[in-house]
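Analysis of the macromolecular model
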Amino acid sequence: MQVQWYPGHMTKARRAMKEDIKLVDLVIELLDARAPLSSRNPDIDELGRQKARLIILNKADLADEEANRSWELFFREKGYLVVRADSRSRGDLRPVQAAILEACREKIERDRRRGIKNRPVRAMVVGIPNVGKSTFINSYAGRACAKTGNKPGVTRGNQWIRLSKEVELLDTPGILWPKFEDEQVGIRLALLGSVKDDILNVEELSLELLSMAASRYPEQLTKRYQLPEELMSEGLLIKEPVRGLEEIARLRSCLLKGNELDYAKAARLVIDDFRSGRLGRITLELPEQVQ
Ligand SMILES: Nc1nc2c(ncn2[C@@H]2O[C@H](COP(=O)(O)OP(=O)(O)OP(=O)(O)O)[C@@H](O)[C@H]2O)c(=O)[nH]1
């Protein structure tokens, strides 16, 4: 499957972020916990060089808990500070404040040695489209100051939000462009909703998801769609996910005129169920698969 995405506004976003990043001490990088490496643009290591760094595994509430722990460990071992979060829940963001101060400890101590008092840490949020940047800023700042929406590319606007005595946050997140040469990475990004749906073949995408879920989360799949036992046995659905899609179309009455099965409708239903968490907590990639 071909997934091509590098729209012109990403070039503009990159330029804007390069300027913004000069203003901050700390870069808070949001990744989607369901596919942390695929949702990461590795260029951030170069862009954020000489800045304090913090990784948020966002949408952790939608990802498999065991996988969340593995990913946390993965990034820690690489020397990053990591916090997992559900950005929609303000309570869940409490550890973030402590992590920000921890990430900037060197800078705070340097200021103190130089006799600079009360200069807050300045931070900015970065991430690829739809990873939850605006939601994070809204919840963290405790007021609606950044637009949110479940489609890529909604974020615009540039002010500092005072979060506490110690921290100020840039109200506009830096939009990173998704980066992928690998087809599998493109598929995961598409499933996360970080590339626009209209450039995708939803049926192929749903088949990839069904096959993966059948191999790693069979109980969740059975629970959601009441798929017949014979489909789930002997890895049939892993090899022939189209049989699952057909069954789902039938069970959910996804029909075209003349009672033909509407595969596209069933495919959208499966993808929506994944994105909203109705299919249960699913992680699309594990550290051991991508290393
Ligand atoms: N379940 C869950 N949903 C989240 C979380 N964070 C954000 N969302 C949802 O994800 C969708 C995208 O969130 P946004 O905050 O608009 O994402 P963004 O990164 O600012 O998107 P762009 O403006 O496209 O760059 C929205 O529907 C949010 O409600 C989270 O931690 N958990």
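Residues numbered from 1 in each chain as written. Predicted model: local features only at pLDDT ≥ 70, side-chain atom pairs only at ≥ 80, totals over all residues.

**Here we look at the domain arrangement of the protein chain**
- Entries for the protein chain in the domain assignment read domain 1 (8–175) and domain 2 (201–290).
- A C-alpha centroid distance of 33 Å is found between domain 1 and domain 2.
- In terms of residue class, the side of domain 1 that touches domain 2 is built from seven nonpolar, two polar and three charged. (Domains from an automatic or database assignment. Nonpolar A, V, L, I, M, F, W, Y, C, P; charged D, E, K, R; others polar.)

**Quick word on unusual backbone geometry**
- Notably, Lys59 is not glycine yet its phi reads approximately 60 degrees, a positive angle.
- If you trace the backbone, Lys59 turns up in the loop between strand E2 (52–58) and helix H3 (65–77).
- Assessed through the 26 C-beta atoms surrounding it within 10 Å, Lys59 is described here as buried.
- One non-glycine residue with positive phi stands out, namely Asn130, at about 70 degrees.
- You can see Asn130 is positioned in the loop between strand E4 (121–127) and helix H6 (133–141). (Helix = DSSP H or I, 4+ residues; strand = E, 2+ residues; numbered from the N terminus. Buried ≥ 20, exposed ≤ 12 C-beta atoms within 10 Å, placed from the backbone.)

**Side note on the pairing of E2**
- Burial runs high along E2: six of the seven residues are buried.
- In the sheet, strand E1 (residues 26–32) pairs with E2 via seven bridges, with the strands oriented parallel. When the bridges of E2 are listed, Leu26 appears paired with Ala52. (Pairing = 2+ DSSP bridges.)

**A look at helix H4 (residues 94–103)**
- Inspection of H4 places Val96, Ile100 and Ala103 among the buried residues, and these make up the whole buried set. Looking down the long axis of H4, one finds its buried residues gathered within 70 degrees of arc, a one-sided arrangement. The exposed residues of H4 that point more than 90 degrees off its buried face are Arg94 and Ala98.
- Packed against the buried residues of H4 are E1, E2, strand E3 (82–84), E4, H6 and strand E6 (167–170). (Arc of directions from axis to C-beta. Contact = placed C-beta atoms within 7 Å.)

**Quick notes on the UniProt feature "binding site: GTP" (unreviewed entry) in the protein chain**
- UniProt's feature table lists "binding site: GTP" (unreviewed entry) at Asn58, Lys59, Ala60, Asp61, Asn130, Val131, Gly132, Lys133, Ser134, Thr135 and Gly174, given in the numbering used throughout.
- By the element assignment, Asn58 lies in strand E2.
- Residue class for Asn58 comes out buried when judged on the 30 C-beta atoms lying within 10 Å of it.
- When near neighbours in sequence (up to four residues on either side) are disregarded, Asn58 contacts Leu30, Leu31, Asp32, Ala33, Ala85, Ser87, Val131, Gly132 and Phe136.
- Within the element layout of this structure, Thr135 appears in helix H6.
- Overall, Thr135 belongs to the partly exposed group, with 19 C-beta atoms counted inside 10 Å. (UniProt positions renumbered as here; feature names shortened; annotations may be inferred.)

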